[in-house]
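Okay, here's what each chain looks like letter by letter:
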Amino acid sequence: MPSTASATASFPVLLLRHGAATTLVCLFITLALTLMGQGSWDVNLVYSLAIGLPSWLSIELGRMLLSRGSDIPWPQGWRGVVLVVLGGAIGFGIGNLIGQTYQAHVQPGQQQPPRLLFPMVITIITGAGMSAMYYLIGKSRYLQMQAEQAQRQAAEAQLKLLQTQLEPHMLFNTLANLQVLVASDPERAQVMLQHLIAYLRATLGGSRSQMHSLRSEFERLDDYLALMAIRMGERLHYTLELSEALAATPVPTLLLQPLVENCIRHGLEPQLAGGSITVTASTSQAGGTLELCVHDTGRGLPAHPAPAASAETSGFGTAQVRERLFNCYGEAARFELSSADSGGTLARILIPLPTSHKES
């Protein structure tokens, strides 16, 4: 929802736009009256502008005053109808006086008694039509803001749901391992506790925003994988590759961790020998696309997954990753999950780079 300051700053711009649109309508009415033989073009022009502009300005200023503090910039109910009628009456009164004065000056011997019905009908129809148009435009903007706010709230709820799915599983396993290590290997328990504290600190900080830098995402992955490496021992090896040029690139919070956790839960833990995980960030040759890859050397995707088990096989996080990419980038983002040529599974994310982060 725009603030009062921004709305005030945009008022002169809106006033000019609406004034220009009203002037164009007045010119069109002038042309129509002239072609219909309702008088000379200059007299019609003066009447049209003298009636149209005061009517518009009265309605414009009135709706700004009456709708102050409202989401829709138009007075609701009977006040909107009264405003249009009152604005039309003010414009007609002022315009008729100016028009008669001008006509008496340029056509002193040809002035006829004013015919009020036809100009009055045109004034009412034009004022009502333009008021309805401005009302619909304002309501459309309001509905658009409501839709954007609902989308942001849905994205926040989705992120919180993802966190509630990811964190308890990891936290309970880590605490169980800490309990064992405290008695058998205090030094490793101390290292594990340090990584857990760093991970939880990053988690609490990241939950307050929808986006953070790739550096923060990779640091969070490093703490998580370090915890898993202590738990799995030599069965887990990992590599994180992030260039300094891409470190500040903004990405959605918790974008890669569901994929890394799937690698461990569904790829490496079921294997007695374990395996390795490699996470990389790079750009396309044109420099306009960020490519994020998560590759593991685990058991890979099943050749013919059953429909009922396909979600469990690919991991619950992949569906959330697809939805969050679509919410943040629309059709511009892509997510691919496939069997890697060297074995295991490859998850690949392609998202557009912000202009300030594009490499030459």
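What you see is a predicted model, and the numbers here were worked out from it, not measured in a lab.

Quick notes on the rules
Residues numbered from 1 in each chain as written. Predicted model: local features only at pLDDT ≥ 70, side-chain atom pairs only at ≥ 80, totals over all residues. Heavy atoms only, no water. Helix = DSSP H or I, 4+ residues; strand = E, 2+ residues; numbered from the N terminus. Buried < 20%, exposed > 50% of the residue type's maximum accessible area, 1.4 Å probe, protein only. Contact = heavy atoms within 4.5 Å. Salt bridge = Lys/Arg side-chain N within 4 Å of Asp/Glu carboxyl O. Pairing = 2+ DSSP bridges. Axes fitted to C-alpha atoms, helices over the stretch in contact; angles between N-to-C directions. Expected span 1.5 Å × (residues − 1). pLDDT = per-residue confidence, 0-100.

## Quick word on the environment of R299
Link 1 in the chain: Mapped onto the secondary structure, R299 falls in the loop between β5 (289-296) and α8 (310-314).
Link 2 in the chain: Classification of R299 as exposed rests on a relative accessible area of 54%.
Link 3 in the chain: Considering only alpha carbons, one finds R299 and G344, 45 residues apart in sequence, at a separation of 5.5 Å.
Link 4 in the chain: Setting aside chain neighbours within four positions, we find R299 in contact with H266, G267, P270 and Q271.

## Topic: the pattern of salt bridges
If the charged atoms of two oppositely charged side chains come close together, the side chains can form a pair.
Link 1 in the chain: The final tally for this structure, using the stated rule, is six salt bridges.
Link 2 in the chain: Where R334 meets E336, a salt bridge forms, and the shortest distance between an N and an O atom there is 2.1 Å.
Link 3 in the chain: By relative accessible area, which is 43% here, R334 ends up partly exposed.
Link 4 in the chain: Look at E336 and you get partly exposed, because its relative accessible area is 27%.
Link 5 in the chain: One connected set of salt bridges, linked through shared partners, spans E291, R334, E336 and R348.

## Describing the sheet that holds strand β4 (residues 275-283)
Link 1 in the chain: A sheet is described by the order of its strands in space; here five strands give the open sequence β2-β4-β5-β7-β6, paired in mixed fashion. Edge positions in the open sheet fall to β2 (236-241) and β6 (334-339), since each of these has one partner strand only. For this sheet, the mean angle separating the axes of adjacent strands, direction not counted, is 10°.
Link 2 in the chain: Here eight bridges tie β5 to strand β7 (residues 345-352), and the two strands are oriented antiparallel to one another. Pairing of D296 across the sheet is with T345, part of β7.
Link 3 in the chain: Helix α6 (residues 214-232) rests against β2, β4 and β5 of the sheet, and its axis sits at about 170° to β2.
Link 4 in the chain: Contacts between helix α7 (residues 257-268) and the sheet are confined to β2, β4, β5, β6 and β7, with β4 contributing the most and set at about 155° to the helix.

## A look at the pairing of β4
Link 1 in the chain: In this structure, β2 lies alongside β4, joined through six bridges in parallel fashion. Within the sheet, the bridge partner assigned to Y238 lies in β4 and is I277.

## Focus: helix α3 (residues 78-106)
Link 1 in the chain: Counted at 1.5 Å a residue, the expected span for α3 with its 29 residues is 42 Å, and the 42 Å between its end C-alpha atoms agrees.
Link 2 in the chain: All of the buried residues in α3 are G80, L83, V84, G87, G88, G91, F92, G95, N96, G99 and Q103.

## Things to note about the confidence of the model for the protein chain
Link 1 in the chain: Averaged over every residue, the pLDDT of the protein chain is 75; the share at 70 or more is 71%.
Link 2 in the chain: When the criterion is pLDDT under 50, residues 1-9 qualifies, and its contacts beyond four places in sequence or with other chains add up to three contacts.
Link 3 in the chain: Below pLDDT 50 for its whole length, residues 306-315 participates in nine contacts with residues either more than four positions away or in separate chains.

## Remarks on the environment of Q271
Link 1 in the chain: Looking at the element boundaries, Q271 is found in the loop between α7 and β4.
Link 2 in the chain: With 36 residues separating them along the chain, Q271 and R235 place their C-alpha atoms 8.8 Å apart.
Link 3 in the chain: Setting aside its immediate chain neighbours within four residues, Q271 contacts R235, T297, G298 and R299.

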